[in-house]
Structure formats: structure tokens, C-alpha cells
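# Examination of the molecular architecture
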Amino acid sequence: SQGGTLPSVVALVPARGGSKRVPGKNIRPLGGHPLLAYSVAAARRSGVFDAVVVSTDDEATAAIARHYGAEVPFMRPAALAGDLSPDIQWIEYTLRQLRDDGRPYDCFSILRPTSPFRQPETIRRCWAQFLGSPDIDSIRSVEQVTQHPGKMWVIHGERMAPLLLHPQGTPWHSQQYQALPEVYVQNASLEIAWSRVALEGGTIAGATLAPFLTMGSEGVDVNNQLDWLVAEELLRQGQANLPAVDEPPYAPPANPEGERL
């Protein structure tokens, strides 16, 4: 960026219609609003983004996104919304479409709806860290692993071997957890990258990544049925908070007969 001005940045919220593990998870209600609402609210309240864009192939999801103040300037093509479609495809498509519409952005952030406890402050903290590391391609949220790879095994026929071989001495799998090297796993809370990484490099992360350490429930990911029960229990016990949402709960439009669609 020139002359001390901040780089422009767009929030990209992926919310395709299909989901195998929890049907319709992106718009399933949690704490009074569809899951998608919390990522949009956190993005808007953070004050970081020049635009908040939801990428979806589903009209019902698009209507919900707009209700909560996000843009859906175009729909995601079905070919980029399959179970096996890699993220880079829809990200490249979205950044190119925006650029072709006269809206190029220096950076993009991916805010997945499955991380509803991410707060505006989480995003501000990550953006500040990103701006403070000008030589990186991207920054990605991580947390310490609970299942350590040092305790993991690979099965070969009727035998097994440690996934990680210890150089010498006591093998990792026989050591106390506290003695194992610190290992981190990515979560879905957020990632930020320079747009060139996707548009020129063809990846969403690039080669030089910085770790963004999530705290508390910021990294809780809601993907399967058990995750939903955990999220609801965290809310019930007051151990996690959802971002504040200004809009009233979304109600689907009624059809002419007065029935909810």
C-alpha cells in the first residue's frame, strides 16, 4: 500500500447450500439466528473490511446473508460448490468477478460460518498481526492440538508403526503429553491473505504463513452433530458468547397463500 494507507480487504464468507454431515448447517439456527449471521455480524462489527461478501450457490442462503447485511453480488456456479471443490476455486472466482466489476481488493479474509464464536475483536487482532508482518503471504488461525501426532499410529496390514518416528531414546508414544513438542492444528476461525497469493499463486495460503493463535472459544468449529451439542452447551453454560447481531431473526418470506416457504 502507498503512503501509509491501509490495504483494502474483503471478507469472504463461504456458505454453499449442500452439507453432508449436518444438512443446511450454514443456515441452521443457533442462539436465535442462522449460523451464517454470526460471521457476517462479526465481520461488519470489526470495522476491518471494505466489503463483506457471501459466496453461495443457494438462493435461500443468499436471502439470509442479505438480511444480515452481507452482499451476495453474484451466485457461485454449481461446478465450484461440490463436496470436493477446493477453496481456491471459489476464492479465485469471487476475487476475479469483483475485480472485473471494478472492485479489486489487496487482501481477502475467509470467515467460515462454522466458527460462530469468532468475535469482532478476534478479527481486529488477526488483522493487526497481519499488517505487522509485511513479508508474509497469509496468516491462519491455529490452536494447540488435543490429539497429539506423537501418539498416532499408521496401520500396515496386521502391524502398526508410529506416525512420527522419534530420533532416539524414549519414543513419543511412551512419553507424557507435557514432554511432547508443541504442535498446532488449524481451525476454521479465520485466515487472511494477499489477493495475489490466490490470483497469481493459485493457493489460498501461499508459502510464508504466520500463526494466529485463537483463544478460548474463538476457534470452536461446528461441523457435525456432536459439535452442535457442544456449541449449544457452551452457550447454555455461558462459557462461550456469540457476536451481537443487530438485525431481527430472519423469517423466510411467505408465499401468496400465507404459508412460509
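Summary of the structure given here.

Cut-offs used in this document
- Residues numbered from 1 in each chain as written.
- Predicted model: local features only at pLDDT ≥ 70, side-chain atom pairs only at ≥ 80, totals over all residues.
- Heavy atoms only, no water.
- Helix = DSSP H or I, 4+ residues; strand = E, 2+ residues; numbered from the N terminus.
- Rg over C-alpha atoms; globule rule 2.2 N^0.38 Å.
- Buried < 20%, exposed > 50% of the residue type's maximum accessible area, 1.4 Å probe, protein only.
- Contact = heavy atoms within 4.5 Å.
- Pairing = 2+ DSSP bridges.
- Axes fitted to C-alpha atoms, helices over the stretch in contact; angles between N-to-C directions.
- Core = buried A, V, L, I, M, F, W, Y, C linked by side-chain atoms within 4.5 Å.
- Salt bridge = Lys/Arg side-chain N within 4 Å of Asp/Glu carboxyl O.
- Phe/Tyr/Trp six-rings, centres within 6.5 Å; stacked < 30°, edge-to-face > 60°.
- Lys NZ or Arg CZ within 6 Å of the ring centre and 35° of its normal.

Turning our eyes to something else, we now look at the overall build of the protein. Counting its regular elements, the protein contains six helices and ten strands. Whereas a compact globule of 261 residues would reach a radius of gyration of roughly 18 Å, the protein reaches 20 Å, a difference of no more than 12%. Along the first, second and third principal axes, the C-alpha atoms of the protein reach 70 × 50 × 40 Å. Taking all 261 residues of the protein together, 44% fall into the buried category. Within the protein, contacts between residues separated by at least 24 positions form 74% of all contacts whose residues are at least 6 apart in sequence.

Quick look at the sheet that holds strand E5 (residues 107–110) now. With respect to topology, six strands assemble into an open sheet ordered E4-E1-E5-E9-E6-E10, the strand pairing being mixed. Of all the strands in the sheet, the pair left with one neighbour each is strand E4 (51–55) and strand E10 (209–213). The mean inter-strand angle of the sheet, taken between neighbouring strand axes irrespective of direction, is 30 degrees. Sheet strands in contact with helix H1 (residues 35–46) are strand E1 (9–14) and E4, and its direction is about 160 degrees off that of E4.

Looking at where Ser138 falls in the secondary structure, it is placed in strand E6 (residues 138–144). If we ignore the near neighbours within four places in the chain, the residues touching Ser138 are Phe130, Ile192, Ala193, Ile204, Ala205, Thr208, Leu209 and Ala210.

Of all hydrophobic cores here, the largest spans 44 residues; its most connected members are Leu36, Phe49, Val52, Val54, Leu111 and Ile139. Of all the elements in the fold, those that place two or more residues in this core are E1, H1, E4, helix H2 (59–67), helix H4 (120–131), strand E9 (184–194), E10 and helix H6 (225–236). Examining the composition of this core, we find that eight residues originate from one element, H1, more than from any other. Residues Leu12, Ala51, Leu95 and Ala193 belong to the second largest nonpolar core, which totals 17 residues.

Time to look at the side chain of Ser8. Within the element layout of this structure, Ser8 appears in the segment before E1. By relative accessible area, which is 18% here, Ser8 ends up buried. Apart from the residues within four sequence positions on either side, Ser8 is in contact with Asp50, Pro104, Tyr105, Asp106 and Cys107.

Moving on, we come to the pattern of salt bridges. Throughout the structure, instances matching the rule amount to twelve salt bridges. Residue Arg96 pairs with Glu92 through a salt bridge whose shortest N-O separation is 2.8 Å. One end of the pair is Arg96 and the other is Glu92, both in helix H3 (residues 87–100) and four residues apart, which spans about a single turn. When its relative accessible area of 30% is taken as the criterion, Arg96 is described as partly exposed. When the shortest N-O distance is used, the salt bridge between Glu218 and Arg125 registers 2.8 Å. With Glu218 in the loop between E10 and H6 and Arg125 in helix H4, this residue pair connects regions lying 93 residues apart in the sequence. The class of Glu218 is buried, set by a relative accessible area of 9%. What makes Arg125 partly exposed here is its relative accessible area of 22%. Shared partners join several salt bridges into a network, and the residues in it are Asp87, Arg112, Arg140 and Glu191.

To continue, consider the packing of aromatic side chains. Summed over all chains, the structure comprises three aromatic pairs. Ring plane angle 85 degrees and centroid distance 5.9 Å describe the contact between Phe74 and Tyr93, whose orientation is recorded as edge-to-face. Highlighted residues: Phe74 in the loop between H2 and H3 and Tyr93 in helix H3, separated in sequence by 19 residues. Classification of Tyr93 by relative accessible area gives partly exposed; the value is 25%. Each ring, one from Phe130 and one from Trp194, has its centre 5.4 Å from the other, and the planes form 40 degrees; the classification is tilted. With Phe130 in helix H4 and Trp194 in strand E9, this pair connects stretches of sequence that are 64 residues apart. Directly above the ring of Trp228 sits Arg28, whose terminal nitrogen or CZ lies 4.3 Å from the centroid.

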